[in-house]
Amino acid sequence: MPFLLVSPLHQFLELFGTPQWSLIEFHQASTHFPIGLLLAAALFDFGAIVSRKKVWNDVGFWMQMLGTLALLVTLAAGYFGNPYTSNSDISQRATWHRNFAFATTAIFLALATWRVKRQGKLNRMETGLYAFVTLVAVATISVTGWIGAHIE
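Residues numbered from 1 in each chain as written. Predicted model: local features only at pLDDT ≥ 70, side-chain atom pairs only at ≥ 80, totals over all residues. Heavy atoms only, no water.

**Let's talk about helix 7 (residues 124-149)**
Stage number 1. The first and last C-alpha atoms of helix 7 sit 37 Å apart over 26 residues, in line with the 38 Å expected at 1.5 Å per residue.
Stage number 2. Every buried residue of helix 7 is accounted for by Glu-126, Thr-127, Gly-128, Tyr-130, Ala-131, Thr-134, Ala-137, Val-138, Thr-140, Ile-141, Thr-144 and Ile-147.
Stage number 3. Taken together, the buried residues of helix 7 touch helix 4 (32-51), helix 5 (54-81) and helix 6 (89-117). (Helix = DSSP H or I, 4+ residues; strand = E, 2+ residues; numbered from the N terminus. Expected span 1.5 Å × (residues − 1). Buried < 20%, exposed > 50% of the residue type's maximum accessible area, 1.4 Å probe, protein only. Contact = heavy atoms within 4.5 Å.)

**Focus on unusual backbone geometry**
Stage number 1. The residue Arg-52 is not glycine, and still its phi comes out positive at about 60°.
Stage number 2. Counting through the fold element by element, Arg-52 comes out in the loop between helix 4 and helix 5.

**Quick look at the packing of aromatic side chains**
Stage number 1. Going through the model one piece at a time under the given rule, you end up with 5 aromatic pairs.
Stage number 2. Geometrically, the ring pair formed by Phe-44 and Trp-56 is tilted, given 5.3 Å between the ring centres and 45° between the ring planes. Of this pair, Phe-44 sits in helix 4 while Trp-56 sits in helix 5; the two residues are 12 residues apart in sequence, bridging distant segments of the chain.
Stage number 3. Considering the side-chain rings of Tyr-79 and Phe-102, the 5.7 Å spacing of their centres and the 70° angle between planes classify their relative orientation as edge-to-face. One end of the pair, Tyr-79, is in helix 5; the other, Phe-102, is in helix 6, with 23 residues separating them in the sequence.
Stage number 4. Its relative accessible area of 45% is what places Tyr-79 among the partly exposed residues.
Stage number 5. What links up through ring pairs into an aromatic cluster is the set Tyr-79, Phe-80 and Phe-102. (Phe/Tyr/Trp six-rings, centres within 6.5 Å; stacked < 30°, edge-to-face > 60°.)

**Examining the nonpolar core**
Proteins that are soluble and globular tend to have nonpolar side chains buried together.
Stage number 1. Counting residues in hydrophobic clusters, the biggest one holds 8 residues: Leu-38, Leu-71, Phe-108, Leu-111, Tyr-130, Ala-137, Val-138 and Ile-141.
Stage number 2. Those elements giving two or more residues to this core turn out to be helix 6 and helix 7.
Stage number 3. If you tally residues by element for this core, the top one is helix 7, at 4 residues.
Stage number 4. Not counting residues up to four positions away in its chain, the partners in contact with Ala-137 are Thr-104, Ile-107, Phe-108 and Leu-111. (Core = buried A, V, L, I, M, F, W, Y, C linked by side-chain atoms within 4.5 Å.)

**Things to note about the pattern of salt bridges**
Stage number 1. In the structure shown here, the tally under the stated rule is 3 salt bridges.
Stage number 2. Asp-45 is the salt-bridge partner of Arg-115, the closest N and O atoms lying 2.8 Å from each other. Here Arg-115, found in helix 6, pairs with Asp-45, found in helix 4; they are 70 residues apart in sequence, far enough to count as distant. With respect to burial, Arg-115 and Asp-45 carry one shared label: buried. (Salt bridge = Lys/Arg side-chain N within 4 Å of Asp/Glu carboxyl O.)

**A short note on the side chain of Asp-45**
Stage number 1. A relative accessible area of 0% places Asp-45 in the buried class.
Stage number 2. The contact partners of Asp-45, leaving out residues within four places of it in the chain, are Asn-57, Gly-60, Arg-115, Thr-127, Tyr-130 and Ala-131.

**So, a nonpolar patch on the surface**
Stage number 1. A contiguous nonpolar surface patch, about 450 Å² in accessible area, is contributed by Phe-12, Leu-13, Leu-15 and Phe-16.
Stage number 2. Take Leu-13: it is sitting in helix 2 (residues 8-16).
Stage number 3. The exposure class assigned to Leu-13 is partly exposed, which follows from its relative accessible area of 31%. (Patch = residues over 30% accessible without salt bridge, like charges linked within 9 Å, V, L, I, M, F, W, Y side chains within 5 Å. Areas by Shrake-Rupley, 256 points an atom, 1.4 Å probe, with all protein chains shown as cover.)

**Here we look at the packing of helix 3 (residues 23-30) against helix 5**
Stage number 1. Between helix 3 and helix 5, the shortest axis-to-axis distance is 8 Å and the interhelical angle comes to 145°. As for how helix 3 packs across helix 5, the hand of that crossing is left-handed. The segment helix 3 lies against helix 5, with Leu-23, Ile-24, Phe-26, His-27 and Ser-30 engaging Val-73, Thr-74, Ala-77, Gly-78, Phe-80 and Gly-81.
Stage number 2. A per-class count over the contact of helix 3 with helix 5 returns 6 nonpolar, 5 polar and no charged. (Axes fitted to C-alpha atoms, helices over the stretch in contact; angles between N-to-C directions. Left-handed = near helix turned anticlockwise from the far one by under 90°. Nonpolar A, V, L, I, M, F, W, Y, C, P; charged D, E, K, R; others polar.)

Here's what the structure looks like:
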């Protein structure tokens, strides 16, 4: 009977133990969330242009905000968890990856700031420009991920 009174999470942790993740492992596991959210934001923005429905724009806005937040968390985990400090080839690739990550994050932060300042009142032309720049930024984040995948 006491087994039924214990939470499922507690039961799981008793069976398998507490996961021991480093920051870099968390970074590696979490990188796909911001990419997916930010790509979806761009697609919903294009959908808003085509359909002219406000709900598409609203979904794009929230995807952009969540994706940018997830990007910041992922960037911080990668930055603070970076195990490469020597002057080796791997360390140089990690440096390129970090530099692309900072540039990508700056682009997405600028886009999020622009969108919040406009308070969801982007006209059709601004939404199109915004979605195009978001796709360019998604391409940049894809290159960043590709570099990161080839560090080791």
